[in-house]
Amino acid sequence: MFIRRLCCVLTILMLFFSTASAAPALQEQIYGAQAVLYCAESGQTLYEKNADTPVPPASVTKLMTALITLEQTHDLSKTTMVSDTAVQIERDSTHIGLVPGEIVTLQDMLYATLMQSANDAANVLAEAVAGSQAAFANLMNIRAAELGCTGSHFENSHGLDGPTHLITARDLARITAALLEHPRFLEIAGAQTYTIPATNKQAAPRTFYTKQRMLRKDSGFYYPYAIAGKNGYTSKAHHTQSMIARKDGMTLIAVSLGSSGNRYDAWRDMRTLFHYGFGHFHMVTLSGTQIAQLAEQSGATVSDCAPVPVVLPVGTVMQALSLSPTVDTSGLRTLQITQDGVTHPLRKMPYLLSCDIQQAADTEQNLPVHTNLLFIPSILTAILASWFVKICVAQKRCGYYRPKRLRGRRARRKSSRHRRS
């Protein structure tokens, strides 16, 4: 009996610790039909769900509008005049009441576009930057291709539904990551409130408040590491969301598209994805020497290596990492992680990297100490197994594991002897 119990306990312990050391999986429900969790620093996708399926984006389109505006305009204080065509939008869509002939600044329009999700403001930006809304849409598509977006096509700057106005979750993550190169984006998209002063056509100032619930401390979805985001909705696209959070030097972008249930489901997706990302992964910088060693193990000869940031599951040891033995058509190798005998790709790495390897040689050769905690489960397993065996052996010696029938007979005999005495 004690042998059977011992085997059961050891089996449970081994299953528990092998599960704990394996690559984490997202177990909670993601409501969006398409979703991605993306690391901006390393370019890794930590979670994906139908990430390459093109769907209507709604107002998260305005993230690409903001990117084109910031890349094409160096002076946001520049003024422009609202045209008749800029205010020709669906009557029930979101707007800030711009009127033809109104003089506004590009900065005010960018705040209105990202914070208020104003469609008329997005049109003003498109015409000010490219001369026409059609020309601006062409710029959006060109830039998307440059970013490596393969499943997206833009018809307009605001995001109202169009026959071929589509985006994928993976492409939206790439676009959001590109915006991180512009500090003004985080300043605008992460603002709590903003006021447009009176204009030549509007006597009263207009004040906006953020729609990003993760940025608002009065919201049940407030998230202290969230720094910026954009949401959207149309009856065709349903609820869409892209959110950015930063913790311990790691910037994660969460994307949820096509959430058709409760209006808060997209925010639940953001919370679930961020908890998963920050709870199961951490950022590590591989030194040039470490990369050279990995390259050598894969059969490559590398003379110069640059330090590379990479996101790894918590508990990963250096021995689990490797580089693919072959390069792809772009001359890139894949950094891989092997756990439980299965090899998973992590990120693409250039075959030749530029860095002074002598400087990198002084870097610590192992991953941070806390990633080596993978050995602790094995030690604990051995200690617990040894302790359990000792108890079982001791109990067997004192007769604890005798059949219950025999134990019952001896107990009755002992009791009767006491009564006779």
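Preceding this paragraph is the structure being described.
No experiment lies behind these values; they were computed from the predicted model shown. (Residues numbered from 1 in each chain as written. Predicted model: local features only at pLDDT ≥ 70, side-chain atom pairs only at ≥ 80, totals over all residues. Heavy atoms only, no water.)

### What to know about the pattern of salt bridges
Consideration 1: Counted by the stated rule, this structure contains nine salt bridges.
Consideration 2: A salt bridge links Arg 143 to Glu 146; its shortest N-O distance comes to 3.3 Å. Of this pair, Arg 143 and Glu 146 both sit in helix α5 (residues 133-146), three residues apart, which is roughly one turn of that helix.
Consideration 3: On the basis of relative accessible area, Arg 143 is assigned to the buried category, the value being 18%.
Consideration 4: Asp 171 is the partner of Arg 174 in a salt bridge, and the nearest nitrogen-oxygen pair spans 3.0 Å. Placement of the pair is Arg 174 and Asp 171 together in helix α6 (residues 169-179), with a separation of three residues, close to one helical turn.
Consideration 5: A residue is classified by how much of its surface remains accessible, and Arg 174, at 25% relative accessible area, is partly exposed.
Consideration 6: Each member of the salt-bridge network shares a partner with another, and the members are Glu 48, Asp 52 and Arg 170. (Salt bridge = Lys/Arg side-chain N within 4 Å of Asp/Glu carboxyl O. Helix = DSSP H or I, 4+ residues; strand = E, 2+ residues; numbered from the N terminus. Buried < 20%, exposed > 50% of the residue type's maximum accessible area, 1.4 Å probe, protein only.)

### A look at the side chain of Thr 61
Consideration 1: Its place among the elements puts Thr 61 in helix α2 (residues 61-72).
Consideration 2: By relative accessible area, Thr 61 is classed as buried at 0%.
Consideration 3: Once residues lying within four places of it in the same chain are set aside, the contact partners of Thr 61 are Met 140, Phe 154, Asn 156, Ser 157, His 158, Gly 159 and His 165. (Contact = heavy atoms within 4.5 Å.)

### Quick look at the pairing of strand β10 (residues 281-286)
Consideration 1: Counting buried positions along β10 yields five of six residues, so the element is predominantly enclosed.
Consideration 2: Across six bridges, β10 lies against strand β11 (residues 308-313) in antiparallel orientation. Across the sheet, residue Leu 286 finds its bridge partner in β11, namely Val 308. (Pairing = 2+ DSSP bridges.)

### Points about the packing of helix α4 (residues 119-130) against α5
Consideration 1: Two elements in contact, α4 and α5, have axes whose closest approach is 8 Å; the angle formed by their N-to-C orientations is 85°. Between α4 and α5, the crossing angle belongs to the class labelled roughly perpendicular. Note on element contacts: α5 touches α4 through Gln 133, Ala 135, Phe 136 and Leu 139, opposite Asn 123, Leu 125, Ala 126, Glu 127, Val 129 and Ala 130.
Consideration 2: By residue class, the composition of the contact of α4 with α5 is seven nonpolar, two polar and one charged. (Axes fitted to C-alpha atoms, helices over the stretch in contact; angles between N-to-C directions. Parallel < 35°, antiparallel > 145°, perpendicular 65-115°, else oblique. Nonpolar A, V, L, I, M, F, W, Y, C, P; charged D, E, K, R; others polar.)

### Quick look at the packing of aromatic side chains
Consideration 1: In total, this model carries seven aromatic pairs according to the counting rule given.
Consideration 2: Arranged with centres 5.5 Å apart and planes meeting at 15°, the rings of Tyr 223 and Phe 274 form a pair that is stacked. One end of the pair, Tyr 223, is in the loop between β6 (206-209) and β7 (226-234); the other, Phe 274, is in helix α8 (residues 265-280), and 51 residues separate them in sequence.
Consideration 3: On the accessibility criterion, Tyr 223 (8% relative accessible area) is buried.
Consideration 4: Relative to Phe 278, the ring of Tyr 225 lies with its centre 6.3 Å away and its plane at 50°, an arrangement referred to as tilted. Taken together, the positions of Tyr 225 in the loop between β6 and β7 and Phe 278 in helix α8 put the pair 53 residues apart, joining distant regions of the chain.
Consideration 5: Within the aromatic cluster, the residues linked to one another by ring pairs are Tyr 223, Tyr 225, Phe 274 and Phe 278. (Phe/Tyr/Trp six-rings, centres within 6.5 Å; stacked < 30°, edge-to-face > 60°.)

### Focus on the environment of Asp 328
Consideration 1: Within the fold, Asp 328 resides in the loop between β12 (321-323) and β13 (332-339).
Consideration 2: C-alpha of Asp 328 to C-alpha of Lys 348: the two residues are 20 residues apart in sequence and 9.4 Å apart in space.

### What to know about the nonpolar core
A general trend in soluble globular proteins is that nonpolar side chains are found buried together.
Consideration 1: Core analysis: the biggest nonpolar cluster contains 55 residues, and Met 109 and Phe 185 have the highest contact counts within it.
Consideration 2: Beyond its immediate sequence surroundings of up to four residues, Phe 185 is in contact with Leu 63, Leu 70, Leu 114, Leu 179, Gly 190, Ala 228 and Ile 244.
Consideration 3: Judged by nonpolar contacts, the second largest core, of 26 residues, contains Ile 30, Leu 252, Leu 273 and Phe 274. (Core = buried A, V, L, I, M, F, W, Y, C linked by side-chain atoms within 4.5 Å.)

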